[in-house]
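Report on the structure
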Amino acid sequence: MLAGKPAYQRHRPERTPLYRAVAAHARTFVGISESSGAPLPRFVKDEFDAYLQCGILAHGFIRLTCETCNHETLIAFSCKHRGICPSCGTRRMNEAAAYLTEEIIPRVPVRQWVLSFPIPLRSLFAVHPELITPVLAVTQRAIHSHLIQQTSVERTKAASGAVTLIQRFGSAANLNIHLHGLWLDGVYENTAAEENIGAKGEPVFHEAPAPTREQLTPLLNKIIQRIIKRLTKMGHLIEEQGEVYVANTAPDNPLAPLQAASATWRIAQGPRAGQKVLRITDGQPYQPRPAKDALCVNAHGFSLHAGVAIPANDRQGLEQLCRYITRPAISNERLAINGKGQIALKLKTPWKDGATHIVMEPLEFMQRLAALVPRPRLHLTRFHGVLAPNAKLRSKVVPGAQEKQTPESEEQEEQEQQACAHARMRWAQMLKRVFDIDMERCQCGGKLKFIAVIEQPEVIEKILKHLGLDPQPPPITPARREEYGELFEAA
């Protein structure tokens, strides 16, 4: 292998705390929910089943061989789900970060706007994810107006742009739906007439000065008022005598109790239902972190943060920010199983009470995981303004379109269209980009050659035995009715 280039090594998910916990308790958790008469949705059970097959060679793999030393490399199939799998979540994170940086976000200053919601609204958005769309529309219009005021560009000629990532989790694997918006820190002024939008006139970008705390406070209040008004009009909020309540619009949703408990750091089911999860402190007095900036305001349980800005020429910093806001919900590095079989989760930063870890019983942890699984076909990345797919100015500002040259022939145009159809970054390219691992090369430096995709169980078993690998998948513990009989009976 070339010096300095690490060789690819297959990760073994069956050895991770997350896999061991799900393999040992998923069937029991699903069985208790079915016994209660309120079974988990199909997509949650599919998430658990798919994760237990992700990265396991016994369920199929791609077979490669080295042209120099004939060494064989096997790449297991991935589940490609987006709820709890850290491996697929990491791949999606790196793929999305590269795509946004190289194909979508123009080479202009970018500012991150983070909008958080009060706990009752987090639970509401979990049950009714379609409500995120009108909330995003309200937020987008408010920030767009703010940027126009900051740049003094005529409103009819001003166009802003943003990419919003809907993040559904907090650092304690709790449900925390909030919005990360990557906004172009300014507006484009369209110098061409509207009827000649495709003419030679190019849009000119006007950078906005950084907002102040005095500007953020009325902006947040405006967003809050409009969100409450919109949700009240839609019937999801009830306003009585100056107080606003969340309407109980989904009483039969089996995930609603799990999501509500997760949003409040509590336990939904079992002997400790309603209690908060156990916290462990290090005994040290709480030391508040020094504030990096003052560009954060809070009101009525909402918060708006605009303190992170990326200069136009810092594409590496932009990609790191994109990775951060598209990261997976669960990190194996912060999970552990203690001697009592409990799940210990290390917090990213200590809480105000000094807690550094939270400890959950296995079934309590499964409740957390179920609450984090998003519905199928729920779009968690949204594009606004000039970055929207059908925006008239999009082809003039995004780097992916600007860097493409006019095809010289029909054949070249067809090749470019085929390339666009397969624009997703290959796994080998991603490993090389992020970790400097050359997946297309063997440890000896020889080139790896594709042989076949192996899916037939009898062929899988034969190859794995030939290579001295275990042909059987890791055991999945069936529902333990004897051990958890009280919970089954209570359900």
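The model shown is predicted, which means the values in this text are computed figures rather than measured ones. (Residues numbered from 1 in each chain as written. Predicted model: local features only at pLDDT ≥ 70, side-chain atom pairs only at ≥ 80, totals over all residues. Heavy atoms only, no water.)

Attention now goes to the sheet that holds strand 14 (residues 335-337). Spatial ordering of the open sheet is given by 11-16-15-14, a layout of four strands whose pairing is antiparallel. Only two strands of the sheet have a single neighbouring strand rather than two, namely strand 11 (278-281) and strand 14. Shown here is a sheet whose adjacent strand axes are inclined to one another by a mean of 30°, direction ignored. Here four bridges tie strand 15 (residues 343-346) to strand 16 (residues 355-360), and the two strands are oriented antiparallel to one another. The partner of leucine 345 across the bridge, within strand 16, is isoleucine 358. Where helix 1 (residues 17-35) meets the sheet, it contacts strand 14 and strand 15, and its direction lies at approximately 55° from that of strand 14. Sheet strands in contact with helix 9 (residues 362-372) are strand 14, strand 15 and strand 16, and its direction is about 105° off that of strand 16. (Pairing = 2+ DSSP bridges. Helix = DSSP H or I, 4+ residues; strand = E, 2+ residues; numbered from the N terminus. Axes fitted to C-alpha atoms, helices over the stretch in contact; angles between N-to-C directions. Contact = heavy atoms within 4.5 Å.)

This next bit is on the nonpolar core. Ranked by size, the top nonpolar core spans 49 residues in total, and within it Val22, Phe48 and Leu369 carry the most contacts. When contributions to this core are tallied by element, the ones reaching two or more residues are helix 1, helix 2 (42-53), strand 15, strand 16 and helix 9. A total of nine residues in this core trace back to one element, the largest contributor, which is helix 1. Ignoring sequence-local partners within four residues, the contact set of valine 22 consists of Phe48, Tyr51, Leu52, Met366 and Leu369. (Core = buried A, V, L, I, M, F, W, Y, C linked by side-chain atoms within 4.5 Å. Buried < 20%, exposed > 50% of the residue type's maximum accessible area, 1.4 Å probe, protein only.)

Further remarks concern the environment of histidine 146. Position of histidine 146 relative to the elements: it lies in helix 5 (residues 132-151). Measuring from C-alpha to C-alpha, the distance between histidine 146 and glycine 186 comes to 9.6 Å, with 40 residues separating the pair along the chain. When neighbours within four sequence positions are excluded, histidine 146 is seen to be in contact with Trp113, Pro211, Gln215 and Leu219.

Turning to the packing of helix 5 against helix 6 (residues 213-233), a few remarks are in order. Between helix 5 and helix 6, the shortest axis-to-axis distance is 9 Å and the interhelical angle comes to 150°. Between helix 5 and helix 6, the crossing angle belongs to the class labelled roughly antiparallel. Relative to helix 6, helix 5 is oriented so that their crossing is right-handed. Residue-level contacts link Pro134, Val135, Val138, Thr139, Arg141, Ala142, Ile143, His146 and Gln150 of helix 5 to Gln215, Leu219, Lys222, Ile223, Arg226, Ile227 and Arg230 of helix 6. Looking at the contact of helix 5 with helix 6 residue by residue, the class counts come to eight nonpolar, four polar and four charged. (Parallel < 35°, antiparallel > 145°, perpendicular 65-115°, else oblique. Left-handed = near helix turned anticlockwise from the far one by under 90°. Nonpolar A, V, L, I, M, F, W, Y, C, P; charged D, E, K, R; others polar.)

Further remarks concern the packing of aromatic side chains. Under the counting rule described, the total for this entry stands at five aromatic pairs. Geometrically, the ring pair formed by tyrosine 188 and phenylalanine 205 is edge-to-face, given 5.1 Å between the ring centres and 65° between the ring planes. Of the two residues, tyrosine 188 sits in strand 7 (residues 186-189) while phenylalanine 205 sits in strand 8 (residues 204-207), which places them 17 residues apart along the sequence. Since its relative accessible area comes to 6%, tyrosine 188 is described here as buried. Of the aromatic side chains, those joined through ring pairs into one cluster are Phe117, Phe125 and Phe302. Over the ring of tyrosine 324 we find arginine 327, and its NZ or CZ is 4.2 Å from the ring centre. (Phe/Tyr/Trp six-rings, centres within 6.5 Å; stacked < 30°, edge-to-face > 60°. Lys NZ or Arg CZ within 6 Å of the ring centre and 35° of its normal.)

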